[in-house]
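Per-entry structural report
Residues per chain, in single letters:
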Protein chains: 2
Amino acid sequence: MPRRSSGRVTLQHIAERVGVTKITVSRALREPHLVSAALRLRIESAIDELGYIPNHSAGALASGRSHSVALLIPSLSNAVFSEIQRGIEEGLGQAGYQVLIGHTGYSILEEERLIDTYLSYGVEALILPGTRHTDHARRLLARARVPVVETLELTETPLDINVGLDQHEAGKAMTQAFLDRGHRKIGFLGARMDYRAQLRMAGWEAAMRQAGLSAERCLTTPHPSSYRLGGEMLASMLERWPDLEGIFCGNDDLAAGALFECQRRRLNVPDQLALAGFNGLDITEATAPPLATVVTPRRGIGDTIARRLLARLQGAPLQSTSENLGFRIRRGGSL
Amino acid sequence: MPRRSSGRVTLQHIAERVGVTKITVSRALREPHLVSAALRLRIESAIDELGYIPNHSAGALASGRSHSVALLIPSLSNAVFSEIQRGIEEGLGQAGYQVLIGHTGYSILEEERLIDTYLSYGVEALILPGTRHTDHARRLLARARVPVVETLELTETPLDINVGLDQHEAGKAMTQAFLDRGHRKIGFLGARMDYRAQLRMAGWEAAMRQAGLSAERCLTTPHPSSYRLGGEMLASMLERWPDLEGIFCGNDDLAAGALFECQRRRLNVPDQLALAGFNGLDITEATAPPLATVVTPRRGIGDTIARRLLARLQGAPLQSTSENLGFRIRRGGSL
DNA sequence: CCCCCGAAAGTTACCGGTAACACCGGACAG
DNA sequence: CTGTCCGGTGTTACCGGTAACTTTCGGGGG
């Protein structure tokens, strides 16, 4: 007599119905070639007559394998991550892994909490946004002996697999594009200011310094970026530095918002003010004029992560490496 | 001697270290008030010395409770869902539930697959986008005897909890707003054309018919919507129906894309062409002019789902009900 | 005709927790 | 002084699968 009459159909029920033991049913599901064809058919029909649904917890506990992987992303509302994710899910999904998604809200403390949660779910790998983690998170990861992917930015000291692009270099390159067009008074507008945003800004600053120009025209906020914020911050910047010739925005949302504000003010872009964003989201090609931006290889990042992670999961040895997938500057019409 | 030397720290290890049995350690974690304070402290320090991470599968298997809930959303890149999700995660997270996210890609077949997957994970509730499901999915849900939330649109025959808004009514109301402004040749532009998009379009059609006007100026595509697509489709529509006075777009992305195309063509919005979107995303307030839109109560939907689901999880009886959270028309400046 | 082999199915133990109940000793009421 | 209650801890069995090894049986080679 069961302690809790869960009502749920188990392997045992199927086994009784068919007249075999449960291990045979288990085999029929996982290694069909080890079960005779006739029996397999009877098992299959019993399974869908009774409506059997496997118990993932029991399987994971017994086998030590969860067939799942955790993917942490900073924010669900940021379109940047959804493309990376698509590549990861397709690649890992085909290999039989379930991808569990968590979002950190750009906080490494929350990341730490999620790492703990997902390790207790027994995930077989973790994919983390960024290369900065709390000490405790690093300890957890080290003890777990599980493949780890750090993505988006690059580091010289990866925990394991690192796939991304050089955000600092990208910031410099876009700034150089402004310089090449003859602009000199180039500002930087940033929101959220997570580590990657800081790297981009540092790239802008470095390029300006190298060109012997002032890097003072800079406005940032810790608030999450949005279209509206882009417009509001552009207004502040123009008030403070009316001589601005161009503004490099830390991401496409801000750039688009800034562009809309220029339209409201009847400020011609790029003649009176040049603008650029970062990431190469769909909107940059749709606005009038199209926005200059740094096109990041998001889909490629996702695919690469899936490929390299699968290799590790199938036994390739740990050998900390960084893979730089680069970026491309697109001039659009706003620069 | 363990079969697999997993190396992982278990309750047993903690128990040995402290000199008690594992059930006491388990209690110290789940029901601390049942364990004496002194012992509790020793257990806690052993836990973080040894770096114990609970095994969720084992706990779920033994207790029959997974403390997790599945949330299926159509698309991760659609900002509409991220706000709903935030409300759900906050509400359920506080109550100790982990929210597992899956995306269906707007396909009820994929939804069916995910329902199966998450039921095997033992989720204690499912939150589904929409009210249409495959027959097999309905059977799975019925057998699972788990609370189910259907959201976004409304139905007269909810499986269990239904929270959303009347998409058809909203489509009609926005069309009426066009009519109130004196427009007569009002077109509809739609993409993806999932069930909700169809309902909105049907609302437009109904309102036009009721006003004795033609509902022929309609262009739709099964492709996913995007800013670019909005622009391209606007171009097609203007070519086909040069007399258009206004266009109701099935969502904000399309409307924004259409607006950008108007800017490129130096078509004044709203004087030469009125535009409206659907959902009330951030971008509608940022463009020049701001876009008319149907503001949907996304955050409220998320909060309501969390509240009502918690009630059910804490024992409230099943009583199929629909909750209509309404909508609001915002005229913006494009209408 | 015997032996060995391999395919097909079964036995046993175990994964790492938790439920339910038993146990123990001291405080306190009668 | 004894019975009862209760806080604190232990015992036992079990959740629903899977690993590893064993058994059974039919057929082909020597």
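Residues numbered from 1 in each chain as written. Chains lettered and ligands numbered in written order. Predicted model: local features only at pLDDT ≥ 70, side-chain atom pairs only at ≥ 80, totals over all residues.

For the pair chain B and chain A, the superposition axis carries a translation of 0.1 Å, the fit reaches an RMSD of 0.1 Å, and the rotation angle comes to 180 degrees. Overall, the copies show the geometry of a two-fold rotation axis. Distance from the rotation axis, computed per C-alpha, reaches its smallest value in chain B at S57 of chain B: 2.2 Å. Mapped onto chain A, 100% of the interface residues of chain B again fall at the interface, so both copies present the same surface. (Least-squares fit on C-alpha atoms with pLDDT ≥ 70 in both. Contact = placed C-beta atoms within 7 Å.)

Moving on, we get to the protein's contact with DNA strand D. Around DNA strand D there are 28 residues in total, and L11, S26, N55, A58 and A62 of chain A lie nearest to it. Within the residue set of the surface near DNA strand D, elements represented by two or more residues are α2 (22-30) and α4 (56-63) of chain A together with α2 (22-30) and α4 (56-63) of chain B. Considering every element that reaches the surface near DNA strand D, the biggest residue donor is α4 of chain A, with five residues. Tallied by class, residues from the surface near DNA strand D come to 14 nonpolar, nine polar and five charged. (Near = placed C-beta within 6 Å. Helix = DSSP H or I, 4+ residues; strand = E, 2+ residues; numbered from the N terminus. Nonpolar A, V, L, I, M, F, W, Y, C, P; charged D, E, K, R; others polar.)

Moving on, we come to the sheet that holds strand β1 (residues 68-73) of chain B. Residue and element names in this part refer to chain B. With parallel pairing, the six strands of this open sheet are ordered in space as β2-β1-β3-β4-β5-β11. At either margin of the open sheet sits one strand with a lone partner, and together these are β2 (98-103) and β11 (321-324). Averaged over all pairs of adjacent strands, the angle between strand axes in this sheet comes to 20 degrees, irrespective of strand direction. In terms of strand pairing, β1 meets strand β3 (residues 126-129) through two bridges, oriented parallel. Bridged to A70 within β3 is L126. Relative to strand β5 (residues 161-164), helix α13 (residues 298-313) is tilted by about 165 degrees, and along the sheet it contacts β3, β4 (148-152), β5 and β11. (Pairing = 2+ DSSP bridges. Axes fitted to C-alpha atoms, helices over the stretch in contact; angles between N-to-C directions.)

The next subject is the protein's contact with DNA strand C. Neighbouring DNA strand C are 28 residues; L11, S26, N55, A58 and A62 of chain B lie closest to it. Mapped onto the surface near DNA strand C, the elements with two or more residues apiece are α2 and α4 of chain A together with α2 and α4 of chain B. With five residues, the top contributor of residues to the surface near DNA strand C is α4 of chain B. Residues that form the surface near DNA strand C fall into these classes: 14 nonpolar, nine polar and five charged.

Attention now goes to helix α6 (residues 108-120) of chain A. All names here are of chain A. When the terminal C-alpha atoms of α6 are compared, their 18 Å separation across 13 residues agrees well with the 18 Å that a helix rising 1.5 Å per residue should span. Among the residues of α6, E111, E112, L114, I115, Y118 and L119 are the ones counted as buried. The buried residues of α6 occupy an angular sector of 170 degrees when the element is viewed end-on, so they sit on one face. The elements touched by buried residues of α6 are β1 (68-73), β2 (98-103), β3 (126-129) and α7 (135-144). Just downstream of α6 lies G122, where phi reads positive at about 75 degrees. (Expected span 1.5 Å × (residues − 1). Buried ≥ 20, exposed ≤ 12 C-beta atoms within 10 Å, placed from the backbone. Arc of directions from axis to C-beta.)

This brings us to the pairing of strand β6 (residues 186-191) of chain A. All names here are of chain A. The element β6 is largely enclosed, with a buried count of six among its six residues. Note: β6 against strand β8 (residues 246-249), four bridges, orientation parallel. Residue pairing in the sheet places L189 in a bridge with C249 of β8. Relative to strand β7 (residues 218-221), β6 is paired through four bridges, and the arrangement is parallel. Looking at the pairing, F188 lines up with C218 of β7. Taking the sense of rotation as the criterion, the β-α-β connection linking β6, helix α9 (residues 195-210) and β7 turns out right-handed. (Right-handed = clockwise from strand over helix to strand, strands pointing away.)

All names here are of chain A. Spatially, the six strands line up as an open sheet ordered β2-β1-β3-β4-β5-β11, and their pairing is parallel. For this open sheet the edge positions go to β2 and β11 (321-324), each flanked by a neighbour on one side alone. Taken pair by pair, the neighbouring strands of this sheet meet at an average axis angle of 20 degrees, ignoring direction. When strand β5 (residues 161-164) meets β11, the two strands line up parallel, connected through four bridges. Of the residues in β11, the one forming a bridge with I161 is T321. Across the sheet, helix α13 (residues 298-313) touches β3, β4 (148-152), β5 and β11, and the angle it forms with β5 is around 165 degrees.

A few words on the packing of helix α6 (residues 108-120) of chain B against helix α7 (residues 135-144) of chain B. Residue and element names in this part refer to chain B. Put simply, α6 and α7 touch, their axes get as near as 9 Å, and they point 25 degrees apart. By the criterion of interaxial angle, the relationship of α6 to α7 is roughly parallel. Crossing of α6 against α7: the hand is left-handed. Seen from α6, the contacting residues are I108, E111, E112, I115, D116 and L119; seen from α7, they are H136, A137, L140, L141 and A144. Among the residues forming the contact of α6 with α7, the class breakdown is seven nonpolar, one polar and three charged. (Parallel < 35°, antiparallel > 145°, perpendicular 65-115°, else oblique. Left-handed = near helix turned anticlockwise from the far one by under 90°.)

Each domain of chain A was delimited in the assignment, giving domain 1 (11-54), domain 2 (65-165 + 299-326) and domain 3 (167-295). Computed over C-alpha atoms, the centres of domain 1 of chain A and domain 3 of chain A are 62 Å apart. (Domains from an automatic or database assignment.)

All names here are of chain B. An ideal rise of 1.5 Å per residue puts 20 Å on 14 residues; helix α8 (residues 167-180) measures up with 20 Å between its terminal C-alpha atoms. Among all positions of α8, only Q167, H168, A170, G171, K172, M174, T175, A177 and F178 are buried. Contact partners of the buried residues in α8: β6 (186-191), α9 (195-210), β8 (246-249), β9 (274-276), β10 (293-295) and β12 (328-330). Positive backbone phi, at 95 degrees, marks G182, one or two positions downstream of α8.

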